[in-house]
Structures are given as structure tokens and as C-alpha cells.
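# Analysis of the macromolecular model
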Amino acid sequence: DMQYRERCYRALSFLQYAFQNGWFSNFMTYDRDVGENEGSQECVGRGIWGLGFITAREKRPEGLRSAADALLRAAVPSAERITFLRSCAYTSMGLALWDPEGHKAMLTEHLARIAAHYHENATPEWFWYENEITYCNSTVPHALLAGYQVIGDEQLLRIGLKSFDFLLDNTTRD
């Protein structure tokens, strides 16, 4: 448990350093040079997801959770600029874990973007958010299911389950 705790503090320290000008940087050299003006939307979404995960774990040390909460409060305003599918999914999962009631409007907006991707691309034979299955696929329906638990919108549940089944049918073999 001590090794896990040390890794959590190290990861949080990295996120704090990578958070610059309201946005998480994607890359950092060994000498801590971020070398870019702004990271990707996915980087921000994943940062919010990770921080939301830490704050939701009541058995983690209070100092770790407090530091994650403070960084998350600083990062959440940047989530309003997130529009990409997986970025919305990561952000939604972080918001659903962290403070679902306090950020329900933002969570609802990101979930609506995900559902819109589904409606734009799904057909009677293709139950997916894009015209191809690419990477980090399970995070997209996972976000809808996490959002359903907070918001209770049955459409999120239906789309999430249908697309999870589709993903399993198309990416696994017996």
C-alpha cells in the first residue's frame, strides 16, 4: 500500500507541474520542460478523470485527496472548451466521480456531446460513436453509464449498453 501511495503522490505532483495556464500539458522532458503552449483536449480530460478518481477514494490520505481536489477545481473551467469525443468521455467520468451535483450542468453537456456522436454515426448495423473503432473505446460507453448513475437519463443507459455490447461483439473472439 505504501508503494501505491507513493505513486499516487508522484502522479499528482506530475499533474500539478503539467498544469499551466489552466490546461494540462501533454509532454514533459526529463528536465521538466513542457515544450508546448497547450496540451491536447484528451490530456485535459484524462487529467480531470484521474483527479476525480483520487478525490472519490475515501480511503486515500486526506492530503492527497485535498491536493487533487484543489487542482481539479482549477482545471474544471478548462473543461468547457472540450469538444472531442474521448475528451468528453474522460471529463465526464472525472466529473461523475468528483462532484456530480456541483457540476451536473457541465456533466450533462459533455454527455449530450457523446450521445450526439452516437446518433450521428449509428446505423441499424453499426452501434458506435464514429465510423470506425479506434482506441480507448470502452471509455466512451463507460462515460455514458457513469453519467446515467448521476443524471438518471435512460437514453444514456440504453446507448451505453448497446454500444458496449457492440464493442465486445466486434473486438473479442470466443
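A few points on the structure. Source: prediction; values computed, not measured. (Residues numbered from 1 in each chain as written. Predicted model: local features only at pLDDT ≥ 70, side-chain atom pairs only at ≥ 80, totals over all residues. Heavy atoms only, no water.)

Attention shifts here to the layout of surface pockets. Its boundaries defined by the atoms lining it, the largest pocket holds a volume of some 150 Å³. Considering the residues around the largest pocket, the lining is formed by Y4, C8, A11, L15, G50, F53, I54, R57 and R60. Looking at the lining of the largest pocket, the elements with two or more residues in it are α1 (2-18) and α2 (41-56). Broken down by element, the lining of the largest pocket gets its largest block of residues, 4 residues, from α1. Along the lines of polarity and charge, the residues of the lining of the largest pocket split into 6 nonpolar, 1 polar and 2 charged. (1 Å grid on protein atoms, 1.4 Å probe; cavity = no way out; pocket = protein on both sides within 12 Å on 5 of 7 lines; lining within 4 Å. Points joined across faces, edges and corners; volume = space filled by probe spheres on them. Helix = DSSP H or I, 4+ residues; strand = E, 2+ residues; numbered from the N terminus. Nonpolar A, V, L, I, M, F, W, Y, C, P; charged D, E, K, R; others polar.)

Before going further, it helps to spend a moment on the packing of aromatic side chains. Inspection of every chain in the model, using the stated rule, returns 7 aromatic pairs. Where W126 meets F166, the ring centres are 4.8 Å apart and the plane angle is 75 degrees; that geometry is what we call edge-to-face. On the criterion of sequence distance, the pair formed by W126 in the loop between α5 (104-121) and α6 (139-151) and F166 in helix α7 (residues 154-171) is long-range, its members being 40 residues apart. For R86, the ring lying beneath its charged end belongs to Y135, and the centroid distance is 4.5 Å. (Phe/Tyr/Trp six-rings, centres within 6.5 Å; stacked < 30°, edge-to-face > 60°. Lys NZ or Arg CZ within 6 Å of the ring centre and 35° of its normal.)

Another aspect to go through is the pattern of salt bridges. Following the criterion strictly, the structure yields 5 salt bridges and no others. Here R86 and E130 are joined by a salt bridge, their closest N and O atoms 2.8 Å apart. Here R86 is found in helix α4 (residues 85-98), whereas its partner E130 is found in the loop between α5 and α6, with 44 residues between them in sequence. With relative accessibility at 3%, the residue R86 sits in the buried group. When the shortest N-O distance is used, the salt bridge between R113 and E109 registers 2.5 Å. A residue pair is termed a helical-turn pair when its members lie 3 or 4 positions apart in one helix, as R113 and E109 do in helix α5 at 4 residues. (Salt bridge = Lys/Arg side-chain N within 4 Å of Asp/Glu carboxyl O. Buried < 20%, exposed > 50% of the residue type's maximum accessible area, 1.4 Å probe, protein only.)

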